Amino acid sequence: MVANSTVKQLVKILIGTAWIDGKIQQEEREYLQRVAKEAGIADDPEIQPLLYELRAVLPDECYTWVKEYLGDQPSSEDYQRLMEALSALIYSDGEVATEEAKLLTRLQLLDPDSGTTPKSRQNNVLKAIQKLYRRWIDQQT
C-alpha cells in the first residue's frame, strides 16, 4: 500500500501536468477527479483547490513536485508509478501537447534504470515516447 502522502503528491503532479499546457482539457478533468476520488483525497484541503481549478498550477511548481516525489535517487517503483500515471493522464484527451512531451522527456532522464551515457539516455527517451505512442494508438482502435 502506498502512503497517503505519496498518493497526494502523485495527484498533485497529475494536476500540475494537466495545467502544463495552460489549461485543463475536459477529459483530463474527468480523469483527475476519478483518480482523486479513488484515492480518497478528493476532499483533501490541499487537493480540492487544485482539483477544482480554483488555482492554476505553474509548470515550475509541477516540476518541483516531481523532484520532491522522486527525490535525489528515485526507486524504479516510484518512477514507474509516476510514468504510468502521467501517461494515462496525458493520453486521456487524445493528444500530447508539446509541453507534456517535454515533461516526459525530462522525466525519462531521471529513470533509475536507464544507462548513464547521454546516448543511452537519448535512446531511453525515444523508447519511452514510442511506448506511450503505441499505447495511445492501441486505445484508439
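Residues numbered from 1 in each chain as written. Predicted model: local features only at pLDDT ≥ 70, side-chain atom pairs only at ≥ 80, totals over all residues. Heavy atoms only, no water.

## Re the packing of aromatic side chains
Part 1: Considering all chains together, one arrives at 0 aromatic pairs under this definition.
Part 2: The side chain of Arg106 reaches across the aromatic face of Tyr63, ending 3.7 Å from its centre. (Phe/Tyr/Trp six-rings, centres within 6.5 Å; stacked < 30°, edge-to-face > 60°. Lys NZ or Arg CZ within 6 Å of the ring centre and 35° of its normal.)

## What to know about unusual backbone geometry
Part 1: A positive phi angle, near 60 degrees, is found at Glu53, a position not held by glycine.
Part 2: One can find Glu53 in the loop between helix 3 (48-51) and helix 4 (59-70).
Part 3: By relative accessible area, which is 26% here, Glu53 ends up partly exposed. (Helix = DSSP H or I, 4+ residues; strand = E, 2+ residues; numbered from the N terminus. Buried < 20%, exposed > 50% of the residue type's maximum accessible area, 1.4 Å probe, protein only.)

## Structural notes on the pattern of salt bridges
Part 1: According to the stated counting rule, one finds 9 salt bridges in the structure shown.
Part 2: Across the pair Arg29 and Glu53 runs a salt bridge whose closest N-O atoms are separated by 2.4 Å. Note that Arg29 is positioned in helix 2 (residues 26-39) and Glu53 in the loop between helix 3 and helix 4, a separation of 24 residues in sequence.
Part 3: In this structure, Asp72 and Lys67 form a salt bridge, with 3.4 Å as the shortest nitrogen-oxygen distance. Summarising the burial analysis for this pair, Asp72 and Lys67 share the class exposed.
Part 4: Via salt bridges that share partners, Lys8, Lys12, Asp44 and Glu46 belong to a single interconnected network. (Salt bridge = Lys/Arg side-chain N within 4 Å of Asp/Glu carboxyl O.)

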